[in-house]
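# Examination of the molecular architecture
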Amino acid sequence: MPEPMLRHVAVIGAGIEGAASAVELLRAGHRVTVLEPGEPGGPQAASFGNAGWLSSHSVLPPSAPGLWRQVPGFLRDPLGPLALRWRYLPKAAPWLLRYIAAGSSEERLRRIAHSLRPLLKDSPVLHASLAREAGVPELIEHKGLMNAWHSRAGFEAEGMGWRLRREVGISWTEIEERALRAAEPDLDPAYRFAVLTEEAGRCLSPGRYIAALAAHAVREGAALRKVAATGFRLEGRSLTGVALSDGTVLDCDAAVICCGARSAPLAAGLGDRVPLETERGYHVMLRGAERGPRHSISLGAAKMIVNPMADGLRAAGQVEIAGLEGAPNWRRAEVLRDHLLRAFPGLPNPFPEDRITTWLGHRPSTPDGMPCLGPSSRCPEVIHAFGHGHVGLVAGPRTGRVVAQLLSGRAPEIDIAPFSPTRFRKPLL
Ligand SMILES: Cc1cc2nc3c(=O)[nH]c(=O)nc-3n(C[C@H](O)[C@H](O)[C@H](O)COP(=O)(O)OP(=O)(O)OC[C@H]3O[C@@H](n4cnc5c(N)ncnc54)[C@H](O)[C@@H]3O)c2cc1C
């Protein structure tokens, strides 16, 4: 077999996709320079403040049949689980129409579930292995994830989603009221039914984990530069360099676009105009919480995830369409805090302000909830690895492996055709 060509790869962005790609590219023998204007895994990255779910069962997009009927309500209620800012609506409208269309039928959801499953499968095992390599094995736990509702009816109302999950090979255990009380004694007794998806796992500090992966990449030989990428230098269809925000050009012969919600302009420069929007989300963290869950739980009534993490109890969720530059609406984090205090009534209420922190982050979201993963249209040595929306953390390890396989001239280990950036070229109607 011919030796794979070894390249100098610029990894643009050090969230989970960039950090995992850097580690895998180094493993394949490539030279790597990571470009990141902030700290790897720092609070500017979605990878910092997410819910930490390694939910290999998250195979469905956020959009679902009938969503369009709810849009007027979302516009009226700025504090519901999905909010649209009026002023931003004209800009977001084309993306929103595609978002609604992506989840408009069971058949569409089925196609997405079958496409996403191979990307997410085994994620907790892959994360555990990366965390061990990076010297932080304690940050990944593989004991299942729980979804809880006030009654079995809540679970049944999401029946199509769970049916599709079963279809792609996911299984779970149902937990009735008494067993739920025993498993989660601090949870509000109004929650009476849950399911535990045993194959899933969780991260106990996403920010620290990404920072550790990036530090590991540096120990393995990667260079880390605190600059942003601004464009590409091409000769014909070949990459010769990446233009940087300090006015210089990094000489390199391959690159990975993995700068999360800010990836679209770079991708457009290579012929791929991708509808990428930020689905803004929030978290609230309670330090030194006296009570809380034993598992990480998605609370159906509050539409948020609660995860007992290394640095405190985190509640994360909400989807706000208001752009990358719109001011945060911290009321949304307060909504999460209030849901959290209601869900665990043993917590002091009000909770001491000096033990609360809040965060706003930008999910890099395509309308169909699937990433762009594959070569760019104009230059095959620039790989798109962005747009992971709600599943960027769980998809990170396999994304990194696929990036390394593509740049090593090997066939990717999963079918990436559904993730082609060109899939949005077709008009919606
Ligand atoms: C509230 C919330 C909860 C979530 N919960 C989960 C969950 O439980 N499980 C899950 O799997 N996913 C979850 N997600 C989604 C997940 O966090 C994201 O999909 C994922 O972090 C995206 O990773 P990324 O590496 O693509 O982008 P990011 O983590 O955003 O990283 C991009 C990096 O690129 C850098 N950058 C930007 N522009 C440039 C440039 N021009 N040049 C160089 N660098 C640049 C940025 O500084 C940043 O560090 C959640 C998201 C939110 C907001």
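About the thresholds
- Residues numbered from 1 in each chain as written.
- Predicted model: local features only at pLDDT ≥ 70, side-chain atom pairs only at ≥ 80, totals over all residues.
- Heavy atoms only, no water.
- Helix = DSSP H or I, 4+ residues; strand = E, 2+ residues; numbered from the N terminus.
- Rg over C-alpha atoms; globule rule 2.2 N^0.38 Å.
- Buried < 20%, exposed > 50% of the residue type's maximum accessible area, 1.4 Å probe, protein only.
- Contact = heavy atoms within 4.5 Å.
- Lys, Arg positive; Asp, Glu negative; His and termini not counted.
- Charge placed at Lys NZ, Arg CZ, Asp CG, Glu CD.
- Core = buried A, V, L, I, M, F, W, Y, C linked by side-chain atoms within 4.5 Å.
- Pairing = 2+ DSSP bridges.
- Phe/Tyr/Trp six-rings, centres within 6.5 Å; stacked < 30°, edge-to-face > 60°.
- Lys NZ or Arg CZ within 6 Å of the ring centre and 35° of its normal.
- Near = heavy atom within 4 Å.
- Polar contact = N/O pair within 3.5 Å; in protein donor to acceptor, adjacent residues only side chain to side chain.
- Areas by Shrake-Rupley, 256 points an atom, 1.4 Å probe, with all protein chains shown as cover.
- Domains from an automatic or database assignment.
- Buried area = accessible area lost by both parts, 1.4 Å probe.
- Arc of directions from axis to C-beta.
- Axes fitted to C-alpha atoms, helices over the stretch in contact; angles between N-to-C directions.

The protein chain carries the name D-amino-acid dehydrogenase in an unreviewed UniProt entry, which gives Muricoccus pecuniae as its organism.

### Side note on the overall build of the protein chain
Broken down by element type, the protein chain carries 13 helices and 21 strands. Taking 22 Å as the expected radius of gyration for a compact globule of 429 residues, we find that the protein chain reaches 21 Å, a close match to that expectation. Each of the 429 residues in the protein chain was classed as buried or not, and the buried ones make up 57%. Long-range pairs, those at least 24 residues apart, make up 76% of the contacts in the protein chain between residues at least 6 apart in sequence. Side-chain charges in the protein chain split into 51 positive and 43 negative, and the spacing between the mean points of these groups amounts to 3 Å.

### Section: the nonpolar core
The biggest cluster of nonpolar side chains holds 60 residues, and the ones touching the most others in it are L25, Y209 and V256. Looking at this core element by element, the count peaks at eight residues for helix α13 (residues 392-407). In contact with V256, not counting residues within four places along its chain, are V9, A10, V11, I12, S21, L25, I383, A385, V403 and L407. Of all hydrophobic cores here, the second largest spans 28 residues; its members include A194, L286, L299 and A343.

### So, the sheet that holds strand β9 (residues 201-203)
Within the open sheet, the three strands sit side by side as β3-β9-β5. Their pairing is antiparallel. The sheet is open, and its two borders are formed by β3 (53-54) and β5 (140-141), each paired with just one other strand. In this sheet, β9 lies alongside β3 in antiparallel orientation, the contact comprising two bridges. Its bridge partner being in β9, L54 is matched across the sheet by G201.

### What about the packing of aromatic side chains?
Using the criterion set out here, one finds 10 aromatic pairs in the structure. With a centroid separation of 4.6 Å and an interplanar angle of 25°, the aromatic rings of W95 and Y99 are classed as stacked. Placement of the pair is W95 and Y99 together in helix α4 (residues 89-102), with a separation of four residues, close to one helical turn. The residues W95 and Y99 share a single accessibility class, namely buried. Plain terms: the ring middles of F155 and F193 are 5.4 Å apart, the flat faces sit at 40° to each other, and that makes the pair tilted. With a gap of 38 residues between them, F155 in helix α7 (residues 152-157) and F193 in strand β8 (residues 193-197) connect regions that are remote in the sequence. Among the aromatic residues, ring-to-ring pairing joins W149, F155, W162, W172 and F193 into one connected group. Between the NZ or CZ atom of R165 and the centre of the ring of W162, over which it lies, the distance is 4.3 Å.

### Things to note about the site of the ligand
Taken together, 35 residues lie around the ligand, and E36, S47, W53, G389 and V394 are the ones closest in. Here E17 contributes a backbone N or O atom positioned 3.1 Å from an oxygen atom of the ligand. For the ligand, an oxygen atom lies 2.9 Å from a polar atom in the backbone of A46. Burial of the ligand by the protein amounts to 94% of the accessible area it has alone, namely 1,000 Å².

### Some details on the domain arrangement of the protein chain
When its domains are assigned, the protein chain resolves into domain 1 (8-50 + 208-274 + 368-424) and domain 2 (66-98 + 277-363). Computed from C-alpha coordinates alone, the two centres of domain 1 and domain 2 are separated by 28 Å. Across the contact, 12 residues belong to domain 1 and 15 residues belong to domain 2. In total, domain 1 and domain 2 occlude about 1,100 Å² of area from one another, counting both sides; carbon and sulfur atoms represent 50% of this. Among the residues of domain 1 in contact with domain 2, A261, R262 and H390 are the three that bury the most area, contributing 37% of the side total.

### Points about helix α6 (residues 123-133)
Along an α-helix, residues three or four apart share an orientation, since each turn contains 3.6 residues. Buried within α6 we find S123, P124, L126, H127, L130 and A131. The buried residues of α6 occupy an angular sector of 160° when projected down its axis, which confines them to one face. Following α6 by one or two positions, G135 has its phi on the positive side, about 85°.

### Looking at the pairing of strand β17 (residues 304-309)
Taken across its six residues, β17 has six buried, putting it largely inside the fold. Of the two faces of β17, the one carrying M304, V306 and P308 and the one carrying I305, N307 and M309 are both buried. Pairing of strand β16 (residues 297-299) with β17 involves three bridges; the strand directions are antiparallel. Considered in β17, the bridge of I297 is made with V306. In textbook terms, the turn of a hairpin is the stretch between consecutive antiparallel strands, and for β16 and β17 this stretch comprises four residues, one of which, K303, has a positive phi near 50°. Pairing geometry for β17 and strand β18 (residues 312-321), over six bridges, is antiparallel. Bridging from a neighbouring strand, N307 pairs with R314 of β18. Counting the residues that bridge the hairpin from β17 to β18 gives two residues.

### Concerning the sheet that holds strand β13 (residues 249-251)
With respect to topology, three strands assemble into an open sheet ordered β11-β12-β13, the strand pairing being antiparallel. In the strand order of this sheet, the two ends are held by β11 (229-235) and β13, each with one partner. Each adjacent strand pair in this sheet contributes to an overall mean axis angle of 30°, direction not counted. Relative to strand β12 (residues 238-244), β11 is paired through six bridges, and the arrangement is antiparallel. By the bridge assignment for β12, G231 is matched with A243.

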